[in-house]
Amino acid sequence: MSRYLLDMDNWKRKDHFHFFRQFEEPFFGVTVNVDCTNAYKMAKENGISFFLYYLYHSLCAANAIEPFHYRIVEDGVMVYDKVNASPTINRPDGTFGFSYIDYYPDLGQFLSSAKKEIERVQNSTGLIPAVSGENVIHYSSVPWIRFTSLSHARAFSFKDSIPKISFGKMVEENGRQNMPMSVHVHHALMDGFHVAQYIDMFEELLNTAQC
């Protein structure tokens, strides 16, 4: 992993950064439905976990959008060369645990690594806080709920700038598979324009099966 401090003096969003980082709640979020028809079909035809398939494409999209690499460190912005995943993993007993899954551009390598981590979490108890660092996205999946909005538990005394992405219940409509997705990000690091870039790229990757 490599990282470097962003050159704040030459960053065009410097004023936005200083403005929004003062907020008690600096995160903003959107909820959208994504068309995952082709991705769901591709995953099932190839015996791949649909969860891992869309998680992989979400990471592909996030790694392609630079602000998703930004994290606030003291008074500056650290830029990481790669963004990984820290998703919640559901267990058969109704509990969940935190995990850490590395991003690999190669789908096969990503799936192999992710399956080992999921098995580890599912065969354990407790939350198992992942020692994952800042260069992650916090993911969660609530496949039982077709949500139209979503909020997150927050400890406001804890300085946090990590994006949070959640996925809901997939539903078939007019022959297409649609899934709700919530994206929450720190407004000091990015705007709606960047979130839209991520959403558009994620949906495109889902339906072209590329990365």
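Residues numbered from 1 in each chain as written. Predicted model: local features only at pLDDT ≥ 70, side-chain atom pairs only at ≥ 80, totals over all residues. Heavy atoms only, no water.

Going by the annotation in an unreviewed UniProt entry, the name recorded for the protein is Chloramphenicol O-acetyltransferase type A, with Flavisolibacter ginsengisoli DSM 18119 given as the source organism.

1. Observations concerning the layout of surface pockets
Looking at the second largest pocket, its volume works out to about 370 Å³. Along the wall of the second largest pocket there are 17 residues; nearest its centre are Arg21, Ile72, Lys159, Asp160 and His186. Class assignment of the residues belonging to the lining of the second largest pocket gives a composition of seven nonpolar, three polar and seven charged. (1 Å grid on protein atoms, 1.4 Å probe; cavity = no way out; pocket = protein on both sides within 12 Å on 5 of 7 lines; lining within 4 Å. Points joined across faces, edges and corners; volume = space filled by probe spheres on them. Nonpolar A, V, L, I, M, F, W, Y, C, P; charged D, E, K, R; others polar.)

2. Topic: the packing of helix α3 (residues 50-64) against helix α5 (residues 192-208)
Direction vectors running N to C along α3 and α5 enclose 135°, while the axes themselves pass 9 Å from each other. When the axis of α3 is compared with that of α5, the two are oblique. Regarding α3 and α5, the two cross each other, and that crossing is right-handed. Judged by residue contacts, Tyr54, His57, Ser58, Cys60, Ala61, Ala62 and Ala64 of α3 engage Tyr198, Met201, Phe202, Leu205 and Leu206 from α5. Its residues assigned to classes, the contact of α3 with α5 shows ten nonpolar, two polar and no charged. (Axes fitted to C-alpha atoms, helices over the stretch in contact; angles between N-to-C directions. Helix = DSSP H or I, 4+ residues; strand = E, 2+ residues; numbered from the N terminus. Parallel < 35°, antiparallel > 145°, perpendicular 65-115°, else oblique. Left-handed = near helix turned anticlockwise from the far one by under 90°. Contact = heavy atoms within 4.5 Å.)

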